[in-house]
Amino acid sequence: MPGARVRRLRPFAVPVLLASLLAACGSGQGSAGRTLNWYNFPDDSGALQTAADNCNRASHGRYHIVYHKLPRTADGQRQQLVRRLAAKDTALDILGLDVTWTPEFAEARWAREWTGQAKRRAVEGTLEVPLRTAGWKGRLYAVPYNTNTQLLWYRADLVPAPPRTWAAMLKTARSLARRGKPHYVEIQGAQYEGLTVWFNSLVSSADGAILDPSGTRPSLGPPAVRAASIMRDLARSPAADPSLPNQMEDQNRLAMESGAAAFELNYPFVYPSMKANNPGLFKAFRWAPYPRVDAGRPSRPTIGGVNLAVSAYSRHPGLAFEAALCLRNRDNQLTAALQGGLPPTLRRLYGEPSFIKDYPFAQQVRAALESASVRPQTPAYQNVSIAISHTLSPPSAIEPQRSVDAISERIEPALHSEGVIP
């Protein structure tokens, strides 16, 4: 799912003793039975608790991970972590961070840098784009735990071949509408993070960016105008669900399952849901790459996911680094994928037969991840996201050039905001 938001402060330098700490944790000297508190999103599948149990057994008593569930909303999760870290709470050891939070937590010196052997193990075999979300200013502050990306889901009984571009998809939707067939294109149009993700995916697919490479200035130009035009065109066409201005991922899923739509831009969780809730329609439920802005340029959908960081105030950082690596190892990522529907960040898992069985679209997900985009990397991401989603809501009211100019004007001061926005 889209994920969460962000702010800003300062970078953190890890003590050079980290390497010796990691070596000490390998020997188990003086670490027997130490509790490591892992704060992460609430998981109803049981995959996260299974991971903690697996690592506790593998530690042979050197540490014991306790999984604590954060609030359900991304804002609530961030708020709890920020408040406790600002108070230098030593009860936090391993932090489950939305992919957009890394710059903020690094600048605030709330997350320890990964170096040496721990960094080597974190990077090895990890998909490149998810790994980008775990770094800031050339340093690594987390290890990717899971990732996510959208595909185009469509009904093969209505659409024999999936459209490759947004223009082709809208053309097909109009044709279906004229024939009285289900024709909506379900996508996230509410005034929230999902709307920002839609815009970012289109801008990136048009070979543009919201911020410059340094993350300190807006970089909106023709690609952003093109993106805003596509959003406006869809919102004003027969392809738009009447509920578009209020729709999020789950509303999109339900609309597709009801039979009202021909297309859906959404995450892989919709596949098992369709299978369970509408077996008849599931027979015609297919997937394809995220639509392109231009036929000759690949699409670059925006990724989501969670990264694991080690708190700057953990009393057992060496063990916390080791435990974080265990929590995201091959077996635990496979469990998270099969039980929780969370795409893995380890490249080799996309060839696992058990994963492919439940994820027949595994190669499409991997291909999307290989060319995917990330959201603007800045400690002030929360402000940037709000500026975008407020300006582009509702999508039918977008005036491409004027809206993009407004976003630029709002992003400029947002990037220079001080402190933390609640």
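Scroll up for the structure.
Cut-offs and rules
- Residues numbered from 1 in each chain as written.
- Predicted model: local features only at pLDDT ≥ 70, side-chain atom pairs only at ≥ 80, totals over all residues.
- Heavy atoms only, no water.
- Helix = DSSP H or I, 4+ residues; strand = E, 2+ residues; numbered from the N terminus.
- Buried < 20%, exposed > 50% of the residue type's maximum accessible area, 1.4 Å probe, protein only.
- Pairing = 2+ DSSP bridges.
- Axes fitted to C-alpha atoms, helices over the stretch in contact; angles between N-to-C directions.
- Contact = heavy atoms within 4.5 Å.
- Polar contact = N/O pair within 3.5 Å; in protein donor to acceptor, adjacent residues only side chain to side chain.
- Disulfide = S-S within 2.5 Å.
- Phe/Tyr/Trp six-rings, centres within 6.5 Å; stacked < 30°, edge-to-face > 60°.

**Q** Explain the environment of Glu 124 here, please?
**A** Along the chain, the position of Glu 124 falls in the loop between helix H5 (116-123) and helix H6 (128-132). Judged by relative accessible area, which is 51%, Glu 124 ranks as exposed. Sequence separation between Glu 124 and Tyr 63 is 61 residues; the distance between their C-alpha atoms is 24 Å.

**Q** Looking at this structure, I do not really get the sheet that holds strand S10 (residues 285-288). What am I missing?
**A** For sheets, the rule is that strands pair by backbone hydrogen bonds, running either parallel or antiparallel. With mixed pairing, the four strands of this open sheet are ordered in space as S8-S9-S7-S10. Of all strands in the sheet, those bounded by a partner on one side alone are strand S8 (184-186) and S10. Between one strand axis and the next, the sheet turns by 20 degrees as a mean value, whatever way the strands run. Across four bridges, the pairing between strand S7 (residues 151-155) and strand S9 (residues 261-266) is antiparallel. Counted as the bridge partner of Leu 151 is Asn 266 from S9. Of the strands in this sheet, S7, S8, S9 and S10 touch helix H10 (residues 249-258), which is tilted by about 155 degrees from S9. Of the strands in this sheet, S7, S9 and S10 are in contact with helix H11 (residues 270-277), which crosses S10 at around 170 degrees.

**Q** Could you clarify how one ought to interpret the environment of Ser 314 in this entry?
**A** Topologically, Ser 314 is positioned in the loop between strand S11 (304-310) and helix H13 (317-327). Judged by relative accessible area, Ser 314 falls into the buried class, the value being 5%. Along the backbone, Ser 314 and Arg 348 are 34 residues apart, and their C-alpha atoms lie at a distance of 32 Å. What Ser 314 contacts, discounting residues up to four positions off in sequence, is Leu 92, Asp 93, Arg 112 and Ala 320. A distance of 2.6 Å separates the side chain of Ser 314 from the side chain of Asp 93, its partner in a polar contact.

**Q** What is the right way to look at the state of the cysteines in this model?
**A** Joining two cysteines, a disulfide is a covalent bond between their sulfur atoms. Scanning the model with the defined rule gives one disulfide in all. Residue pairing for Cys 55: its cysteine sulfur links by disulfide to Cys 326, the two sulfurs lying 2.1 Å apart. The S-S bond linking Cys 55 to Cys 326 shows a torsion near -105 degrees; that makes this disulfide left-handed. Here the residue Cys 55 occupies a position in helix H2 (residues 47-58), and Cys 326 occupies one in helix H13, the gap between them amounting to 271 residues. There is no split in this pair, since Cys 55 and Cys 326 are both buried.

**Q** Would you mind going over the packing of aromatic side chains with me for this structure?
**A** Here the structure, examined in full by the defined rule, presents 18 aromatic pairs. On the numbers, 6.3 Å between centres and 35 degrees between planes, the contact of Trp 153 with Tyr 271 is tilted. With Trp 153 in strand S7 and Tyr 271 in helix H11, the pair connects residues that are 118 residues apart, well separated along the chain. According to the relative accessible area criterion, Trp 153 is buried, its value standing at 0%.

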